[in-house]
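Observations on chain architecture
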Amino acid sequence: MSNLKKLLKNKGYSKIPLILGDTNHLEVSASINGITGRFILDTGASNTCVGVDKASYFKLVSEDSEIKAASAGATDMETLVSAKNKIKIGGWKKTKQQIVVFDLVHVNEALKTHNSLPVDGIIGADILIKCKAVIDYSSRNLFLKNKK
């Protein structure tokens, strides 16, 4: 396993620890616009999202969106979009990140029923693909490629 870490470090990746929650979701700490929060890492989510109740907390300036959100627990949900946000996950960072804002109450209610803490949002495939993410499940680490 140390060979993987060494290889990725040499290729310019940052290592970020993941937390395995009570529901077996991988969680990561990230900051948006300088504010730290708790996020589910979701390879199946097309976009990085923040709950509508946390939009002002993360200083998101949002506009109406044509995008309809869907998840395992709900479909056809109204969304807002916030552009030009700064996001930092471990040693990886990006400016001008678009974030989708929608109601995550159903997600947090499901977490509460399993005695898990609520999350502020979801880190989605938009970021994971862009930065060529590698998830090491055995060591519970996320590796994100830094820009050169």
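Here the structure is shown first, and the text comes after it.
Just so we're clear, the structure is a prediction, and the values are computed from it rather than from any experiment.

About the criteria used
Residues numbered from 1 in each chain as written. Predicted model: local features only at pLDDT ≥ 70, side-chain atom pairs only at ≥ 80, totals over all residues. Heavy atoms only, no water. Salt bridge = Lys/Arg side-chain N within 4 Å of Asp/Glu carboxyl O. Helix = DSSP H or I, 4+ residues; strand = E, 2+ residues; numbered from the N terminus. Buried < 20%, exposed > 50% of the residue type's maximum accessible area, 1.4 Å probe, protein only. Pairing = 2+ DSSP bridges. Axes fitted to C-alpha atoms, helices over the stretch in contact; angles between N-to-C directions. Contact = heavy atoms within 4.5 Å.

**Points about the pattern of salt bridges**
Using the criterion set out here, one finds three salt bridges in the structure. Between Arg 38 and Glu 27 there is a salt bridge whose closest N-O contact spans 2.6 Å. Residue Arg 38 is found in strand S4 (residues 35-41), and its partner Glu 27 is found in strand S3 (residues 26-32); the two are separated by eleven residues along the sequence. Judged by relative accessible area, Glu 27 falls into the buried class, the value being 3%. One salt bridge connects Glu 109 with Lys 112, and the closest N-O pair in it is separated by 3.8 Å. Of this pair, Glu 109 and Lys 112 both sit in helix H2 (residues 105-113), three residues apart, which is roughly one turn of that helix. Given a relative accessible area of 41%, Glu 109 falls into the partly exposed group. Using a relative accessible area of 46% as the deciding quantity, one classes Lys 112 as partly exposed.

**What about the sheet that holds strand S11 (residues 141-145)?**
The three strands lie next to each other as S1-S11-S10, forming an open sheet whose pairing is antiparallel. On the outer flanks of this sheet lie strand S1 (13-17) and strand S10 (134-136), each paired with one strand and no other. Going from strand to strand, the sheet's axes swing by 20° on average, the running direction of each strand aside. Where S10 and S11 come together, three bridges link them in antiparallel fashion. Residue Asp 136 lies in a different strand from S11, and its bridge partner there is Asn 141. Here helix H1 (residues 2-10) sits on the sheet and contacts S1, S10 and S11; the angle it forms with S11, its principal contact strand, is near 20°.

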